Amino acid sequence: MKTQTLGQFIIEKQADFPFAKGELSRLLRDIGIAAKIVNREVNKAGLVEILGETGTTNIQGERVKKLDVFANDQFIAALSAGGEVCAIASEENDEIIPIDSEVSKSARYVVAMDPLDGSSNIDVNVSVGTIFSIYRRTTLSGPGTVEDFMQRGTEQVAAGYIIYGSSCMLVYTTGKGVNGFTLDPSIGEFCLSHPNMQTPKMGHVYSVNEGNYLHFPEGVKKYIKYCQDEDKATNRPFSSRYIGSGVADIHRNLIVGGIYIYPTTTKSPKGKLRLLYECNPLAFIIEQAGGKATTGGKRIMEVDIKELHQRTPLFCGSSEMVDMAMDFMTKYTKEKV
Ligand code: AHM
Ligand code: MG
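Residues numbered from 1 in each chain as written. Chains lettered and ligands numbered in written order. Predicted model: local features only at pLDDT ≥ 70, side-chain atom pairs only at ≥ 80, totals over all residues. Heavy atoms only, no water.

Undergrad: Would you take a moment to explain the packing of aromatic side chains for this structure?
TA: Within a pair of aromatic rings, the relevant descriptors are the distance that separates the centres and the angle that separates the planes. For the structure shown, the criterion picks out 10 aromatic pairs. An angle of 75° between the planes, with centres 6.4 Å apart, marks the rings of Tyr-226 and Phe-238 as edge-to-face. In this pair, Tyr-226 sits in helix H4 (residues 218–228) while Phe-238 sits in the loop between H4 and strand E12 (239–240), placing the two residues 12 residues apart along the sequence. Ring geometry for Phe-328 and Tyr-332: centres 6.1 Å apart, planes at 25°, overall stacked. Placement of the pair is Phe-328 and Tyr-332 together in helix H7 (residues 319–332), with a separation of four residues, close to one helical turn. (Phe/Tyr/Trp six-rings, centres within 6.5 Å; stacked < 30°, edge-to-face > 60°. Helix = DSSP H or I, 4+ residues; strand = E, 2+ residues; numbered from the N terminus.)

In structure tokens:
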């Protein structure tokens, strides 16, 4: 089979957007380059003094690891230099990063990202990821503002994730299906390995942090029990798989079929995950692959966004599993998020 690199694929797909001037293609290419650099560092994380904490705390109140900072810096540098982006919003930064440079004067896009998702897994050689989401700016000119990010997920132009796992993969969508590329280290290129990814309508995996069980809404508790019940006809009990890196859990479920849930808990009454740079991009990919992503009540991509670091519960994956979990929510959980 002929190898197709990410760069070749992006150029070929540009024809799908007759009025595009190639900026989105360049932007995706820049993300691919930053991903390779981050992957290189993730790979040697155990070898050099890059592990450990910087000692500072980010906006979410979490300890920031060095690799988070490294990934954040790499993506910001690549996106700022590229000239297609007028502002960046990152999980690691309290405020947006407006880009005010000669090259970005006519930039039409903004990027929201979680530069290193699954940060609790960095120190232990477990897969981590990057999530990104691209919107057209809504303001007219100059550096972007927070206003440019206050758009529903349905307005995303493209979204994707990179998984730094046993191999490094980049998966993205521009709203015309989902394609996955695996980094071939021998040539240093992402090569098309998973064309037109489709998630099964039904799976046998459920992914949720059951340590929080006591604090889950009743609907989630009942759904988990449903997954664990014995039933030959529906092939239950299902398997429980939870890595703690959302990208890795969702990527696996996308391929084999399954559901990922991060519900509200008494500790996090609005959920833990962030709408802008985690849930919306993942929802866009999952929907494009034929799955569903909801808050447990409504479609993620239709949730109104009011603040940069807004949180939301997330139920996503195989459509029939998400529907079933939502039925349990409707039946047993009164408070709606
Ligand atoms: P992070 O962006 O700080 O890494 O947090 C997001 C992560 C998800 O990737 C993962 O599924 C979840 O948080 C794990 O949280 P918990 O340890 O509460 O189960
Ligand atoms: Mg994250």
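Now that the structure has been shown, the text picks up again.
Undergrad: Explanation requested: the site of ligand 1 in the structure shown.
TA: The environment of ligand 1 is made up of 17 residues, and the closest members are Gly-118, Tyr-242, Gly-246, Tyr-260 and Tyr-262. At 2.6 Å, a side-chain N or O of Tyr-260 approaches an oxygen atom of ligand 1. A distance of 2.8 Å separates an oxygen atom of ligand 1 from a polar atom in the side chain of Lys-272. Coverage of ligand 1 by the protein amounts to 88% of the 470 Å² it exposes when considered alone. Class assignment of the residues belonging to the shell around ligand 1 gives a composition of four nonpolar, six polar and seven charged. (Near = heavy atom within 4 Å. Polar contact = N/O pair within 3.5 Å; in protein donor to acceptor, adjacent residues only side chain to side chain. Areas by Shrake-Rupley, 256 points an atom, 1.4 Å probe, with all protein chains shown as cover. Nonpolar A, V, L, I, M, F, W, Y, C, P; charged D, E, K, R; others polar.)

Undergrad: Sorry, what's going on with the nonpolar core here?
TA: Across soluble globular proteins, nonpolar side chains have a tendency to be buried as a group. Counting 42 residues, the largest nonpolar core has Phe-149, Tyr-161, Leu-276 and Leu-314 as its most contacted members. The biggest single contributor to this core is helix H6 (residues 275–288), with nine residues. In this structure, this core is formed jointly by two domains, domain 1 (6–194) and domain 2 (205–332), each of which donates at least three residues. Excluding anything up to four places from it in sequence, Tyr-161 contacts Thr-130, Ile-131, Phe-132, Met-169, Leu-170, Val-171, Val-247, His-251, Leu-254, Leu-282 and Ile-285. Counting 41 residues, the second-largest nonpolar core is a separate cluster that includes Val-38, Leu-67, Phe-70 and Cys-168. (Core = buried A, V, L, I, M, F, W, Y, C linked by side-chain atoms within 4.5 Å. Buried < 20%, exposed > 50% of the residue type's maximum accessible area, 1.4 Å probe, protein only. Domains from an automatic or database assignment. Contact = heavy atoms within 4.5 Å.)

Undergrad: Sorry, what's going on with the domain arrangement of the protein here?
TA: Note on interface size: it is often stated as the accessible area lost on association of the parts. According to the domain assignment, the protein contains domain 1 (6–194) and domain 2 (205–332). Spacing between the C-alpha centres of domain 1 and domain 2 amounts to 24 Å. On the side of domain 2, 32 residues touch domain 1, which itself brings 49 residues to the contact. Both sides of the domain 1 and domain 2 interface together cover about 2,900 Å² of buried area, and 64% of this is carbon and sulfur. Where domain 1 packs against domain 2, one counts two salt bridges. In this structure, Arg-152 engages Asp-304 in a salt bridge whose closest nitrogen and oxygen atoms are separated by 2.8 Å. Joining domain 1 to domain 2, the criterion identifies 16 residue pairs in polar contact (both at pLDDT 80 or more). Put simply, the parts of the chain that give the side of domain 1 that touches domain 2 at least two residues each are strand E3 (85–90), strand E5 (109–117), strand E6 (128–136), strand E7 (158–164) and strand E8 (168–173). Here the residues of the side of domain 1 that touches domain 2 are counted per class, giving 22 nonpolar, 19 polar and eight charged. (Buried area = accessible area lost by both parts, 1.4 Å probe. Salt bridge = Lys/Arg side-chain N within 4 Å of Asp/Glu carboxyl O.)

Undergrad: I keep staring at the sheet that holds E12 and nothing clicks. Help me out?
TA: One open sheet holds the five strands; their spatial order is E12-E11-E13-E15-E14, and the pairing between them is mixed. The strands lining the two open edges of the sheet, one partner per strand, are E12 and strand E14 (292–294). One ladder, built from three bridges, connects E14 with strand E15 (residues 314–317); its direction is antiparallel. Counterpart to Ala-293 in the pairing with E15 is Cys-316. Across the sheet, helix H5 (residues 246–256) touches strand E11 (205–207), strand E13 (259–262) and E15, and the angle it forms with E11 is around 165°. Each of E11, E13, E14 and E15 is contacted by H7, which is oriented at about 150° to E15, the strand it contacts most. (Pairing = 2+ DSSP bridges. Axes fitted to C-alpha atoms, helices over the stretch in contact; angles between N-to-C directions.)

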